[in-house]
Amino acid sequence: MTAARAALITGASSRLAAPLARFFAGRGYALLLHQRRPRKNVAALAEELRGQGSTVEVMTFDFAERANIDAFCAGMTKPFGVPEAIVNNASNFVHDFPGAGNADLLAESFLVHMLAPFMIMETACKDKRAEQKLSVFNILDQKLLNLNPDYYSYTLGKSGLMTMTEIWARAGRDDVRAFGLLPGLMFPSGPQSDERFVADSAKIPTGRALPPENLCALIGFLLDHPDMPGALFPLDGGEHLLGRRRDVAFE
């Protein structure tokens, strides 16, 4: 199966993935959606978009195991070739804390947040057409610019992905652009209740949580301006400028 343009979104069961998928479908992209395990919301999203005329394929692999990353990369170009847009959105958001860290959780974080994007980007570069230009969007977290000790292993993995993004941006390639998007409070975080979410959103300098459509709009701007080099973009209403000792859900 071949499509003129395709987009890969990993972590398709996340709350951010649905707005991203609808955004790319609205721009005429064929969609390759990755999920960690079969999820009803991913199946429903795929059917919704197919009903609107989009071409959608779903691949199921748990990136917390190295062999599954290899298997995914071996098959990711089969549906549409190398996707022109890649969104590394898969995440392993589990709480731990320094002094009560979990080595297995850290290993999973490195696999999901670092090795999977690393292998996906290397595979795309190896298999893409010579004239093909790729845009990679790595979903990070504003907390990388405003560190706190909560979600210790998650933070270390995402920190590695941010460094990887910056290295790619400095690689001097004109055929691959890597962007790091650092969203702030967008959905309730961890144990945060809906009431706390509303109250904590009001503490952000702009006074509101980030609508996911704003992140999609930034991706659209970057896609429409191919001369923009890879870079990091906080999208958090200034949240990273606030000094926090704990994650917002535990303050």
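Residues numbered from 1 in each chain as written. Predicted model: local features only at pLDDT ≥ 70, side-chain atom pairs only at ≥ 80, totals over all residues. Heavy atoms only, no water.

Right, let's get into empty space enclosed by the protein. In total, this model carries 1 cavity of 30 Å³ or more according to the counting rule given. Looking at the largest cavity, the residues that line it are Thr10, Phe63, Asn88, Asn89, Ala90, Val112, His113, Ala116, Pro117, Ile120 and Leu161. Class assignment for the residues of the lining of the largest cavity results in 7 nonpolar, 4 polar and no charged. (1 Å grid on protein atoms, 1.4 Å probe; cavity = no way out; pocket = protein on both sides within 12 Å on 5 of 7 lines; lining within 4 Å. Points joined across faces, edges and corners; volume = space filled by probe spheres on them. Nonpolar A, V, L, I, M, F, W, Y, C, P; charged D, E, K, R; others polar.)

Before going further, it helps to spend a moment on the pattern of salt bridges. Per the stated rule, a full pass over the model turns up 12 salt bridges. Among the salt bridges present, the one from glutamate 84 reaches arginine 129, with a minimum N-O distance of 3.7 Å. Taken as a pair, glutamate 84 in the loop between helix 3 (66-75) and strand 4 (85-88) and arginine 129 in the loop between helix 4 (103-127) and strand 5 (134-139) lie far apart in primary sequence, 45 residues in all. Here glutamate 84 falls in the buried class, since its relative accessible area comes to 14%. One salt bridge connects aspartate 175 with lysine 128, and the closest N-O pair in it is separated by 3.1 Å. Placement of the pair is aspartate 175 in the loop between helix 5 (152-169) and strand 6 (176-183) and lysine 128 in the loop between helix 4 and strand 5, with a sequence separation of 47 residues. Both residues of the pair, aspartate 175 and lysine 128, belong to the buried class. Linked by salt bridges that have partners in common, Arg36, Asp62 and Glu108 make up one network. (Salt bridge = Lys/Arg side-chain N within 4 Å of Asp/Glu carboxyl O. Helix = DSSP H or I, 4+ residues; strand = E, 2+ residues; numbered from the N terminus. Buried < 20%, exposed > 50% of the residue type's maximum accessible area, 1.4 Å probe, protein only.)

A word on the environment of glutamine 132. As for its position among the elements, glutamine 132 is in the loop between helix 4 and strand 5. Classification of glutamine 132 as buried rests on a relative accessible area of 3%. Separated by 49 residues in the primary sequence, glutamine 132 and leucine 181 place their C-alpha atoms 23 Å from one another. Separated by 2.7 Å, the side chain of glutamine 132 and the backbone oxygen of valine 82 make a polar contact. A distance of 2.9 Å separates the side chain of glutamine 132 from the side chain of glutamate 84, its partner in a polar contact. (Polar contact = N/O pair within 3.5 Å; in protein donor to acceptor, adjacent residues only side chain to side chain.)

To find the voids left in a structure, one rolls a probe of water-molecule size over its atoms. In this structure, the largest pocket occupies an estimated 970 Å³ of space. Lining the largest pocket are 40 residues, with Ser14, Arg15, Ser91, Phe93 and Tyr154 positioned closest to its centre. Of all the secondary structure elements, the ones that give two or more residues to the lining of the largest pocket are strand 2 (30-35) and helix 5. Its volume calculated, the second largest pocket comes out at about 350 Å³.

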